[in-house]
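# Breakdown of the fold
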Amino acid sequence: RKEVEQDPGPFNVPEGATVAFNCTYSNSASQSFFWYRQDCRKEPKLLMSVYSSGNEDGRFTAQLNRASQYISLLIRDSKLSDSATYLCVVKSNFGNEKLTFGTGTRLTIIP
Amino acid sequence: NAGVTQTPKFQVLKTGQSMTLQCAQDMNHNSMYWYRQDPGMGLRLIYYSASEGTTDKGEVPNGYNVSRLNKREFSLRLESAAPSQTSVYFCASSERWDRNYNEQFFGPGTRLTVL
């Protein structure tokens, strides 16, 4: 079983719609969680960290469910510029800065 | 600030050739990383360096060597390239500012093809 699993998509969503992605992780000792965004043929960039209480950044909301070991990302009022691949990322060990990346979920916003 | 820079951007090698991928960061970060990204596999860690003078193997180190030349620079060497090393290579750096959270900053990548 992969350490971090995501639905690869693609998700094709009309502009203005709400879309949600889930990600599951296998290591219950995982401590930190992130969503990264990767545009086509570009490098990954941090979108947001995921806190235990859930957190929101504008149109983006991230949630963590430790009991079920999944992380979610909700995008409201989607824009054409949201088209990208979204990577779920987990850090498992205290004192160790290594990250484990999911394979990504591809999102295309349709005009 | 340029952030993380990588050279070259593209490279084509023949099987058995060697090459070094260069990476430099100007953010004064202690930690640096090399990843490869393949379709359907996600980003996989090749080697990392927690600080100047130290390097450790990641998930897929076979066929690669690294050098942490100084705090700024971290190079990746392929001694004898194989077609299985065709991939996109990303360098990244980070600095722990909170024991729970860690953002990695990535370079633009090197697209390597081995024929």
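Being a predicted model, the structure only gives us computed values, none of them experimental.

### Details of the interface of chain B and chain A
With 24 residues of chain B in contact, the opposing surface of chain A contributes 24 residues. Summing both partners gives a buried area of about 2,100 Å² for chain B against chain A, and 50% of it is carried by carbon and sulfur. Across the contact surface, chain B and chain A share zero salt bridges. At the boundary of chain B with chain A, the tally comes to three residue pairs in polar contact (both at pLDDT 80 or more).

### Observations regarding the environment of B:Pro83
All names here are of chain B. Looking at where Pro83 falls in the secondary structure, it is placed in the loop between strand 8 (74-78) and strand 9 (87-94). On a C-alpha basis, the gap between Pro83 and Leu115 in space is 5.9 Å, while along the polypeptide they are 32 residues apart. Contacts of Pro83, omitting those with residues within four sequence positions, involve Thr15 and Val114.

### What to know about the nonpolar core
Ranked by size, the top nonpolar core spans 22 residues in total, and within it A:Phe21, A:Trp35, A:Ile71, A:Leu73, A:Ile75, A:Tyr86 and A:Leu107 carry the most contacts. Of all elements in the fold, only strand 3 (19-25), strand 4 (32-38), strand 5 (44-50), strand 7 (60-65), strand 8 (70-75), strand 9 (84-91) and strand 11 (105-110) of chain A reach the threshold of two or more residues within this core. Not counting the four nearest positions on each side in its chain, A:Tyr86 is found in contact with A:Gln6, A:Phe21, A:Trp35, A:Tyr36, A:Arg37, A:Leu47, A:Phe60, A:Leu73, A:Ile75, A:Gly104, A:Thr105 and A:Leu107. By size, the runner-up hydrophobic cluster in this structure holds 20 residues, among which are B:Cys23, B:Phe74, B:Leu76 and B:Cys91.

### Details of the pairing of strand 7 of chain A
Residues and elements named next belong to chain A. Direction of pairing for strand 6 (residues 55-57) relative to strand 7: antiparallel, over a ladder of three bridges. Bridging across to strand 7, Glu56 finds its partner in Thr61. Where strand 6 hands over to strand 7, the hairpin turn is made up of two residues, of which Gly58 adopts a positive phi near 65°.

### Considerations on the sheet that holds strand 8 of chain B
Residues and elements named next belong to chain B. Across the sheet, four strands lie side by side as 1-3-8-7; this open sheet has antiparallel pairing. Edge positions in the sheet fall to strand 1 (4-7) and strand 7 (64-68), since each has one partner strand and no second. Sheet twist, expressed as the mean angle between neighbouring strand axes with direction ignored, is 20°. Examined bridge by bridge, strand 3 (residues 19-25) and strand 8 share three bridges and lie antiparallel to one another. Opposite Leu21, over in strand 8, you have Leu76 as the bridge partner.

### A few points about the environment of B:Arg36
Residues and elements named next belong to chain B. Counting through the fold element by element, Arg36 comes out in strand 4 (residues 31-38). Through-space distance from the C-alpha of Arg36 to that of Thr110 is 9.4 Å; in sequence the pair is 74 residues apart. Those residues within four positions of Arg36 in sequence are excluded, and the remaining contacts are Gly42, Leu43, Arg44, Ile46, Val60, Tyr64, Ser84, Gln85, Thr86, Ser87, Val88 and Tyr89. Within polar-contact distance, the side chain of Arg36 engages the backbone oxygen of Ser84 at 2.7 Å.

### Description of the sheet that holds strand 6 of chain A
Within a sheet, neighbouring strands are paired by backbone hydrogen bonds and run either parallel or antiparallel to one another. All names here are of chain A. Taken together, the five strands give an open sheet; going across it, the order is 1-3-8-7-6, and neighbouring strands pair in antiparallel fashion. The two strands at the open ends of the sheet, each matched to only one other strand, are strand 1 (4-6) and strand 6. Taken pair by pair, the neighbouring strands of this sheet meet at an average axis angle of 20°, ignoring direction.

Cut-off values and rules
Residues numbered from 1 in each chain as written. Chains lettered and ligands numbered in written order. Predicted model: local features only at pLDDT ≥ 70, side-chain atom pairs only at ≥ 80, totals over all residues. Heavy atoms only, no water. Contact = heavy atoms within 4.5 Å. Buried area = accessible area lost by both parts, 1.4 Å probe. Salt bridge = Lys/Arg side-chain N within 4 Å of Asp/Glu carboxyl O. Polar contact = N/O pair within 3.5 Å; in protein donor to acceptor, adjacent residues only side chain to side chain. Helix = DSSP H or I, 4+ residues; strand = E, 2+ residues; numbered from the N terminus. Core = buried A, V, L, I, M, F, W, Y, C linked by side-chain atoms within 4.5 Å. Buried < 20%, exposed > 50% of the residue type's maximum accessible area, 1.4 Å probe, protein only. Pairing = 2+ DSSP bridges. Axes fitted to C-alpha atoms, helices over the stretch in contact; angles between N-to-C directions.

From the geometry alone we can't say anything about function, so treat these as descriptive.
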